[in-house]
Amino acid sequence: MSDLQALLFDVDGTLADTERDGHRVSFNQAFEEEGLDWHWDSELYLKLLAVTGGKERIRHYLDQYRPEFPHPSDLDDFIARLHQIKTRHFADILATGGIPLRPGVGRLLQEARGQGVRLAITTTTTPANVTALLEHTLAPGSSDWFELIAAGDVVPHKKPAPDIYFYALDKMGLRADQCLAFEDSGNGIRASSAAGIKTIITVNDYTRHEDFSDAAAVLDCLGEPDRPFTIIKGRPWQGTYATMNYVREVFAGDC
Ligand code: XBP
Ligand code: MG
């Protein structure tokens, strides 16, 4: 077994619960701004989350739910413009401090940094969303804590394809067995597992019923001293929240 060299973090649902009250709301704001009578409620959005990537999600919605919508001559441009507006609204939501980090995320990132563990982001979301989230929740300049932010369209196929993980391994000069991934969804773990990377899952309301049989551990969150975590799958741990010792034990397969 190799030493743990790097932690690779998904963003949406893992670092923060961005989907229902962030991305979903900003999609709806963009639709309204463009005069479209589309509205994604929470229930519909759960179904739409099967498709990762905002542009891909809009296209899927058009295909599956709005087949009668008169398609503009350049559909790619239309979707890209709508998505740009959505990204602007999402940045506004983050700037108001509307979306905090999930329990234990900031604490574990600090601890990993202190131990010289390399950090990277591996996500399907737009790069601007990642920096905005980090800067508004963690600390100004905290994007620099991550040696790589692998995000969005830098790879041809988004999760559940493993491309973003292979991209990160390549850029960081690491092997899969030197890394541990943090994900929250079935699509996420399909991507990390297909790249051969051990994965800790922190579930959320949208994902808790998904298939995590490939996970090294499944948690309700990373936990804090005053907010104990629950281990849903994985060996018990003597502590009440996920520390780097816990992470290393999971990585070593002892937990
Ligand atoms: C997250 C996503 C993202 C967001 C929207 O999946 O699918 O597409 O919903 O972001 P994961 P953009 O957490 O598995 O990376 O609109 O910027 O694409
Ligand atoms: Mg996710």
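Before reading further, recall that the structure is shown in the block above.
These notes cover the structure that comes with them. (Residues numbered from 1 in each chain as written. Chains lettered and ligands numbered in written order. Predicted model: local features only at pLDDT ≥ 70, side-chain atom pairs only at ≥ 80, totals over all residues. Heavy atoms only, no water.)

**Regarding the pairing of strand 4 (residues 179–183)**
Counted residue by residue, strand 4 has five buried out of five residues, so it is predominantly covered. Judged by which residues are buried, strand 4 turns out to be covered on both faces: Cys179, Ala181 and Glu183 on one side and Leu180 and Phe182 on the other are all buried. The pairing of strand 1 (residues 6–9) with strand 4 spans four bridges and is classified as parallel. Residue Phe9 lies in a different strand from strand 4, and its bridge partner there is Phe182. The pairing of strand 4 with strand 5 (residues 198–202) spans four bridges and is classified as parallel. Bridge assignment links Phe182 to a residue of strand 5, and that residue is Ile200. A crossover links strand 4 with its parallel partner strand 5, the connecting element being helix 8 (residues 186–194), and its sense is right-handed. (Buried < 20%, exposed > 50% of the residue type's maximum accessible area, 1.4 Å probe, protein only. Helix = DSSP H or I, 4+ residues; strand = E, 2+ residues; numbered from the N terminus. Pairing = 2+ DSSP bridges. Right-handed = clockwise from strand over helix to strand, strands pointing away.)

**Let's talk about the site of ligand 1**
Within the structure, ligand 1 sits among 18 residues, and Gly54, Arg57, His83, Lys86 and Thr126 are positioned closest to it. Here an oxygen atom of ligand 1 sits 2.6 Å away from a polar atom, N or O, in the side chain of Thr126. Within the side chain of Asn129, an N or O atom sits 3.0 Å from an oxygen atom of ligand 1. Out of a free accessible area of 450 Å², ligand 1 has 98% covered by protein chains. Of all elements in the fold, only helix 1 (19–33), helix 3 (54–65) and helix 4 (75–95) reach the threshold of two or more residues within the shell around ligand 1. Among the elements that make up the shell around ligand 1, the one with the highest residue count is helix 1 (three residues). Of the residues contributing to the shell around ligand 1, the split by class is two nonpolar, 10 polar and six charged. (Near = heavy atom within 4 Å. Polar contact = N/O pair within 3.5 Å; in protein donor to acceptor, adjacent residues only side chain to side chain. Areas by Shrake-Rupley, 256 points an atom, 1.4 Å probe, with all protein chains shown as cover. Nonpolar A, V, L, I, M, F, W, Y, C, P; charged D, E, K, R; others polar.)

**Comments concerning the pairing of strand 5**
Counting buried positions along strand 5 gives four out of five residues, so the element sits mostly inside the fold. By the bridge criterion, three bridges tie strand 5 to strand 6 (residues 217–219) in an arrangement that is parallel. By the bridge assignment for strand 6, Ile200 is matched with Ala217.

**So, the coordination of the magnesium ion (ligand 2)**
Protein coordination of the magnesium ion (ligand 2) is provided by Asp10 (OD), Asp12 (O) and Asp184 (OD), with donor distances spanning 2.1 to 2.2 Å. Mapping the donors of the magnesium ion (ligand 2) onto the primary sequence gives the spacing D-x1-D-x171-D. Within this pair, whereas Asp10 is found in the loop between strand 1 and helix 1, its partner Asp184 is found in the loop between strand 4 and helix 8, the two being separated by 174 residues in sequence. (Donors = N, O, S within 2.8 Å, 3.2 Å for Na, K, Ca; no water.)

**Remarks on the packing of helix 1 against helix 4**
Helix-helix packing is described using two parameters, namely the angle between the two axes and the distance between the axes. At a closest axis distance of 8 Å, the pairing of helix 1 and helix 4 adopts a crossing angle of 130°. Of the possible angle classes, the one that applies to helix 1 and helix 4 is oblique. Helix 4 is crossed by helix 1, and the crossing has right-handed handedness. Only Leu82, His83, Ile85, Lys86, Arg88, His89, Phe90 and Ile93 of helix 4 make contact with helix 1, whose side of the interface consists of Asp21, Gly22, His23, Val25, Ser26, Phe27, Gln29, Ala30, Phe31 and Glu33. In terms of residue class, the contact of helix 1 with helix 4 is made up of eight nonpolar, six polar and four charged. (Axes fitted to C-alpha atoms, helices over the stretch in contact; angles between N-to-C directions. Parallel < 35°, antiparallel > 145°, perpendicular 65-115°, else oblique. Left-handed = near helix turned anticlockwise from the far one by under 90°. Contact = heavy atoms within 4.5 Å.)

**Structural notes on the pattern of salt bridges**
Under the criterion given, the structure shown has 16 salt bridges. For Glu33, the salt bridge is made with Arg88, and the minimal N-O distance between the two is 2.7 Å. In this pair, Glu33 is assigned in helix 1 and Arg88 in helix 4, connecting sequence segments 55 residues apart. The exposure class of Glu33 is partly exposed, given its relative accessible area of 39%. Here the salt bridges share partners, and the residues they tie into one network are Lys55, Glu56, Asp153 and Lys158. (Salt bridge = Lys/Arg side-chain N within 4 Å of Asp/Glu carboxyl O.)

**A word on the packing of aromatic side chains**
Here the structure, examined in full by the defined rule, presents 15 aromatic pairs. Taking 6.2 Å as the distance between ring centres and 55° as the angle between the ring planes, the aromatic pair formed by Tyr45 and Tyr206 counts as tilted. With Tyr45 in helix 2 (residues 42–48) and Tyr206 in the loop between strand 5 and strand 6, the pair connects residues that are 161 residues apart, well separated along the chain. As far as the burial class goes, Tyr45 and Tyr206 line up, both buried. Centre to centre, the rings of Tyr61 and Tyr65 are 5.6 Å apart; their planes meet at 20°, and the pair counts as stacked. Here Tyr61 pairs with Tyr65, and both are found in helix 3, just four residues apart, close to one helical turn. Ring pairing ties together the aromatic residues Phe27, Phe31, Trp38, Trp40, Tyr45, Tyr61, Tyr65, Phe69, Phe78 and Tyr206, which thus form one cluster. Positioned over the ring face of Phe27 is Lys86, at 4.7 Å from the centre of the ring. One cation-aromatic arrangement involves Lys86 over Phe90; the distance from NZ or CZ to the ring centre is 5.2 Å. (Phe/Tyr/Trp six-rings, centres within 6.5 Å; stacked < 30°, edge-to-face > 60°. Lys NZ or Arg CZ within 6 Å of the ring centre and 35° of its normal.)

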